[in-house]
Amino acid sequence: MIPHPGKFAKAYLTRGPARGIMKPEGMDMGEVTILGGRAHRLLPHLIPLIGREYSRGQSCLLLVPEQYTLQAEIELIRRLNLPGFFHIQVLSPSRLVQRIFDAAGTDGRVPLDARGKRIALSRAVTGLKKELAYYRRAAGQAGFVEKLSSLIAECKQGSLTAQHLQEKADALPKDAFGQKMADIALCWQAYEAQLAGRFVDGEDVQEEAALRLPQSGLFDGAHVFVHGFDILSPQFCRLLSA
């Protein structure tokens, strides 16, 4: 059994009243306001905040979960009596990433979808079977690659790397748990070698977007509102403060 990623990856829960994130030094970025929890319950708090900034001529960018963009646009237009969106953008995280790359470009690596990621990871694991201590038999079983893929994704979202995991594994006793960690680190490193210079998975796309956000100018002078997310991963928080 592959250990639950919660042992390695942490995510941050934000609820209650709005709060700000300090802007990076040297970047002409406005304030970031986060309201967490159920989207519909926080609308009474959110709409006046956006309306106040909008009335001042402030550019506003509202980030909401993927499934909530249309509803958020409808609510803003209705409650603020807007004729349209002139200084307000409503984006999901995936759409934000796409806007960043449209404005700032990419490094040319090909993004992998879930199937492509599984193929790359399967090739990595196949080449390592004789080197695995704990997962040698399990590596060939159905479902192993899918579980390992999910684990790697959550570790990356929690700001962990294969090297970090390898260092932790090296410090553990050589018992069953230590062998598990060493095998996972080995598979992860082989997976990264499969991608190196050619491909990028969804988690690395987020990292690349964070690096290119300042060049894109999307947050320059804007008040960014983050609304309706139950959990903000460290990776997403880095994007917000990039």
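Use the structure listed above.
Please read these numbers as outputs of a predicted model, since none were measured by experiment. (Residues numbered from 1 in each chain as written. Predicted model: local features only at pLDDT ≥ 70, side-chain atom pairs only at ≥ 80, totals over all residues. Heavy atoms only, no water.)

A separate point is the overall build of the chain. Looking only at helices and strands, the chain features 9 helices and 7 strands. Of all 242 residues assigned to the chain, the portion counted as buried reaches 46%. Across the chain, every contact between residues at least 6 apart in sequence was considered, and the portion connecting residues at least 24 apart equals 77%. Of the roughly 12800 Å² of accessible surface on the chain, 52% is carried by carbon and sulfur atoms. (Helix = DSSP H or I, 4+ residues; strand = E, 2+ residues; numbered from the N terminus. Buried < 20%, exposed > 50% of the residue type's maximum accessible area, 1.4 Å probe, protein only. Contact = heavy atoms within 4.5 Å. Areas by Shrake-Rupley, 256 points an atom, 1.4 Å probe, with all protein chains shown as cover.)

Take the pattern of salt bridges next. Tallied over the entire structure, the rule returns 12 salt bridges. One salt bridge connects Arg-79 with Glu-75, and the closest N-O pair in it is separated by 2.8 Å. With Arg-79 and Glu-75 both in helix H2 (residues 69-80) and 4 residues apart, this pair spans about one turn of that helix. Two residues, Glu-208 and Arg-109, come together in a salt bridge whose shortest N-O distance is 3.7 Å. (Salt bridge = Lys/Arg side-chain N within 4 Å of Asp/Glu carboxyl O.)

What follows is about the nonpolar core. Leu-121, Val-125, Leu-148, Ile-184, Trp-188 and Tyr-191 are the most contacted members of the largest nonpolar core, which totals 26 residues. Mapped by element, the contributors of at least two residues to this core are helix H4 (114-126), helix H5 (144-157), helix H6 (162-170) and helix H7 (176-195). Residue contributions to this core peak at 8 residues, all from H7. Filtering out sequence-adjacent residues up to four positions away, Val-125 remains in contact with Ala-139, Phe-144, Leu-148 and Cys-187. (Core = buried A, V, L, I, M, F, W, Y, C linked by side-chain atoms within 4.5 Å.)

Further remarks concern the environment of Gly-217. Residue position: Gly-217 is located in the loop between helix H8 (202-216) and strand S7 (222-227). On the basis of relative accessibility, which here comes to 27%, the residue Gly-217 falls in the partly exposed class. Residues Gly-217 and Ile-100, spaced 117 residues apart in sequence, show a C-alpha to C-alpha distance of 8.3 Å.

Right, let's talk about H8 for a bit. Look at H8: 19 Å from first C-alpha to last across 15 residues, which is about the 21 Å you get at 1.5 Å a residue. In the structure, H8 departs most strongly from a straight axis at Ala-210, where the bend amounts to approximately 35° and where the proline Pro-214 lies between one and four residues downstream. Taken together, the buried positions of H8 are occupied by Glu-203, Asp-204, Val-205, Glu-208, Ala-209, Ala-210, Arg-212, Leu-213 and Ser-216. Buried residues along H8 sit against helix H3 (93-104), H4, H5, H7, strand S6 (199-200) and helix H9 (234-240). (Expected span 1.5 Å × (residues − 1). Bend = angle between axes of the 7 residues up to and from the residue.)

As a further point, take the packing of aromatic side chains. Within a pair of aromatic rings, the relevant descriptors are the distance that separates the centres and the angle that separates the planes. The full count for this structure, using the stated rule, is 3 aromatic pairs. The interplanar angle of 80° and the centroid separation of 5.1 Å between the aromatic rings of Tyr-134 and Tyr-135 together place this pair among those described as edge-to-face. Tyr-134 gets classed as partly exposed once you look at its relative accessible area, which sits at 35%. Looking at Tyr-135, the relative accessible area reads 2%, which means it is buried. Their ring planes at 55° and their centres at 5.4 Å tell us that Tyr-135 and Phe-144 sit as a pair that is tilted. (Phe/Tyr/Trp six-rings, centres within 6.5 Å; stacked < 30°, edge-to-face > 60°.)

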